[in-house]
Amino acid sequence: MSATAPASFRLAKRLDDVGFSDIVQIRNRVMELRARGAAVYQFEGGEPYRPTPDYIKQAVTAALQENKTRYAPSSGIPELRRAIVDKLRTRNHIDAKEENVIVVNGGMQGLFGAFQSTIDPGDDVLIFSPYWTPIKDLVAHCGGRLVPVPTDEARAEGFRPTLARYATAKTRAIYFNTPTNPSGVVFTRAEAEEVAGLAIDRDLVVVADEAYEDIVYEGEQVSIASLPGMSERTITTFTLSKSYAMTGWRIGYAVATQPWMAGLAKSTLYSSNGVSTPTQWAALAALTTESDFLETSRAAYRERRDLLVSGLNELGFTCAPPAGAFYAFPDVTSINSDSRKAAEILLDKAQVATVPGVVFGPHGEGHVRFSFSTSIETIQGGLESMRRNL
Ligand SMILES: Cc1ncc(COP(=O)(O)O)c(C=O)c1O
């Protein structure tokens, strides 16, 4: 390859403000340490520690053997879309029809389609902060701007007045993620109602992200699309990644009315043309097979949460128990007020890998994110190492 690229070898401008995940850089550093033979207590990840249940794996094997390997409708096989409609009605109280549901390659593709369908260059998106970082890049890809709204401020001063303070004439949408990554906040019904009230008042779209809907320890999971007047202005994205330990399978779904569904359908059609057909049959098994997988996972996460959170508090890292998801987000200013430095110290001195809170926006500064989706031994070992080495 020639050393000097012609000036025309320039990435399209729309990707200029789209970043790569910091988390990948942390993972690389962990792999480097492990390659040198260091034992690293890994808390930086973001996926279930359990394997995918056997009944789901058996369903994909059966689909392959039955030659269910051809193109499927781009929006998903009818059997799966029908099962999703049932699940949305019974579990989320969202009264959707088959035409309101699209099967996508994980929450990420649903979110990509949601923002592509709603955000024009120059539009603002309100987001409770700290927030899951890729949203910034998904919005940047549309030429939009993220406007962080501190969750603590909303909780202290009321959701509606707080959102109203941050809204501008350019505000087009609110991203509403509950349970929240990284803080583990589960928004209450009253809070969701306030967000909905403001969205209706200001004629905003809500992009709801329920990736962790099945991992709730305290409180209830309220789907904002189920509130009065909200189904037509909400695009909700779901994924099987976290609930069924299927991160690598890449399957989820989105629910929306028109015109948003046309946007989701176009963005899916012209990117992946749908989800792999055998994977969709596996997802059908996940949603329709009687199993205690969701309950046993929740109980296992709760045990890990309690162990990690009490250990962190004993170490002086103030940490409220998260009400949902599988992350603890303690204050680590006693190590260093710069969360990147604090994470570096945790890794270098205690071999404990975490994600600096500032990665999740300015309101995450002073914190680091620990995932407790790992073995009890890792949690005990990591706590012990911090006790001895910090
Ligand atoms: C808040 C949130 N939303 C969506 C996703 C997307 O998950 P996936 O694309 O694996 O379905 C994640 C994954 O980490 C997440 O944390």
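Residues numbered from 1 in each chain as written. Predicted model: local features only at pLDDT ≥ 70, side-chain atom pairs only at ≥ 80, totals over all residues.

**Topic: the domain arrangement of the protein chain**
This is how it is decided: How far each domain reaches was decided by an automatic or database domain assignment. We call two residues in contact when the distance between their C-beta atoms, placed using the backbone, is within 7 Å. Only DSSP runs of H or I with at least four residues qualify as helices, and only runs of E with at least two residues qualify as strands; both kinds are numbered from the N terminus onward.
Domain annotation for the protein chain reports domain 1 (13-51 + 293-389) and domain 2 (70-288). Between the C-alpha centres of domain 1 and domain 2 the distance comes to 25 Å. Contact residues are listed per partner, giving 30 residues for domain 1 and 31 residues for domain 2. Looking at the side of domain 1 that touches domain 2 element by element, the count peaks at six residues for helix α11 (residues 293-314).

**Focus: the sheet that holds strand β3 (residues 124-129)**
To be explicit about the condition: The rule for pairing is simple: two strands pair if DSSP sees at least two bridges between them. In this analysis an axis means a line fitted to C-alpha atoms, helices contributing only their contacting stretch, and an angle means the value between N-to-C directions, from 0 to 180 degrees.
Taking strand neighbours across the sheet as the criterion, the seven strands line up as β2-β8-β7-β6-β5-β3-β4 in an open arrangement whose pairing is mixed. Of all the strands in the sheet, just β2 (101-104) and β4 (145-150) have a single pairing partner and so form its edges. Averaged over all neighbouring strand pairs, the angle between strand axes comes to 20°, with direction disregarded. This element, helix α3 (residues 78-92), spans β2 and β8 (252-255) of the sheet and lies at about 115° to β2. The sheet strands contacting helix α9 (residues 260-269) are β2, β7 (234-239) and β8, and the helix crosses β2 at an angle near 25°.

**Here's the deal with the site of the ligand**
Put simply, the rule is: What makes a residue near a molecule or strand is its C-beta atom, placed from the backbone, lying within 6 Å of it. Charged residues are taken to be Asp, Glu, Lys and Arg, nonpolar residues to be Ala, Val, Leu, Ile, Met, Phe, Trp, Tyr, Cys and Pro, and polar residues to be all remaining types, Gly included.
Neighbouring the ligand are 13 residues, the closest being Gly 106, Gly 107, Met 108, Thr 239 and Ser 241. Of the residues forming the shell around the ligand, the biggest block, three residues, is contributed by helix α4 (residues 106-118). Grouping the constituent residues of the shell around the ligand by class yields three nonpolar, nine polar and one charged.

**Points about the nonpolar core**
Our working rule: Nonpolar cores are identified as sets of buried Ala, Val, Leu, Ile, Met, Phe, Trp, Tyr and Cys residues joined via C-beta atoms within 7 Å. The burial criterion counts other C-beta atoms lying within 10 Å of a residue's C-beta, which is placed from the backbone; the residue is buried at 20 or more, exposed at 12 or fewer, and partly exposed between these limits.
Counting 115 residues, the largest nonpolar core has Val 195, Val 206, Val 207, Ile 224 and Ala 282 as its most contacted members. Per-element tally for this core: the top contributor is helix α10 (residues 277-288), with six residues. Among the domains, domain 1 (13-51 + 293-389) and domain 2 (70-288) are the pair contributing at least three residues each to this core. Ignoring sequence-local partners within four residues, the contact set of Ile 224 consists of Phe 176, Ala 192, Val 195, Ala 196, Val 206, Ala 208, Met 230 and Thr 234.

**Looking at α3**
Worth spelling out the cut-off: Take the residue count of a helix, subtract one, and multiply by 1.5 Å to get its expected span. Arc definition: it is the arc formed by the directions from the helix axis to the C-beta atoms.
Relative to the 21 Å expected for 15 residues at 1.5 Å per residue, α3 spans 20 Å between its end C-alpha atoms, a close match to the ideal helical length. For α3, the full list of buried residues reads Leu 80, Arg 81, Ile 84, Leu 88 and Asn 92. Down the axis of α3, the smallest arc covering the buried residues is 95°, so these residues share one side. For α3, exposure combined with an orientation more than 90 degrees from the buried face picks out Pro 78, Asp 86 and Thr 90.

**Observations regarding the environment of Ser 21**
Take Ser 21: it is sitting in the segment before α1 (22-35). Here the alpha-carbon distance between Ser 21 and Lys 87, two residues 66 residues apart in the chain, equals 32 Å. Discounting residues that sit within four places of it in the chain, Ser 21 has contacts with Thr 133 and Pro 134.

**Here's the deal with the sheet that holds strand β11 (residues 355-356)**
In a beta sheet, neighbouring strands are held together by backbone hydrogen bonds and run either parallel or antiparallel to one another. Spatially, β9-β12-β11 is the arrangement adopted by the three strands of the open sheet, whose pairing is antiparallel. Edge strands, defined here as strands with exactly one partner in the open sheet, are β9 (327-328) and β11. As judged from the two bridges shared by β11 and strand β12 (residues 368-371), these two strands associate in the antiparallel manner. Note on β12: the bridge partner recorded for Pro 356 is Val 368.

**A look at the pairing of β2**
The two faces of β2 match: Val 101 and Val 103 on one face and Ile 102 and Val 104 on the other face are all buried. Relative to β8, β2 is paired through four bridges, and the arrangement is antiparallel. Bridging across to β8, Val 101 finds its partner in Val 255.

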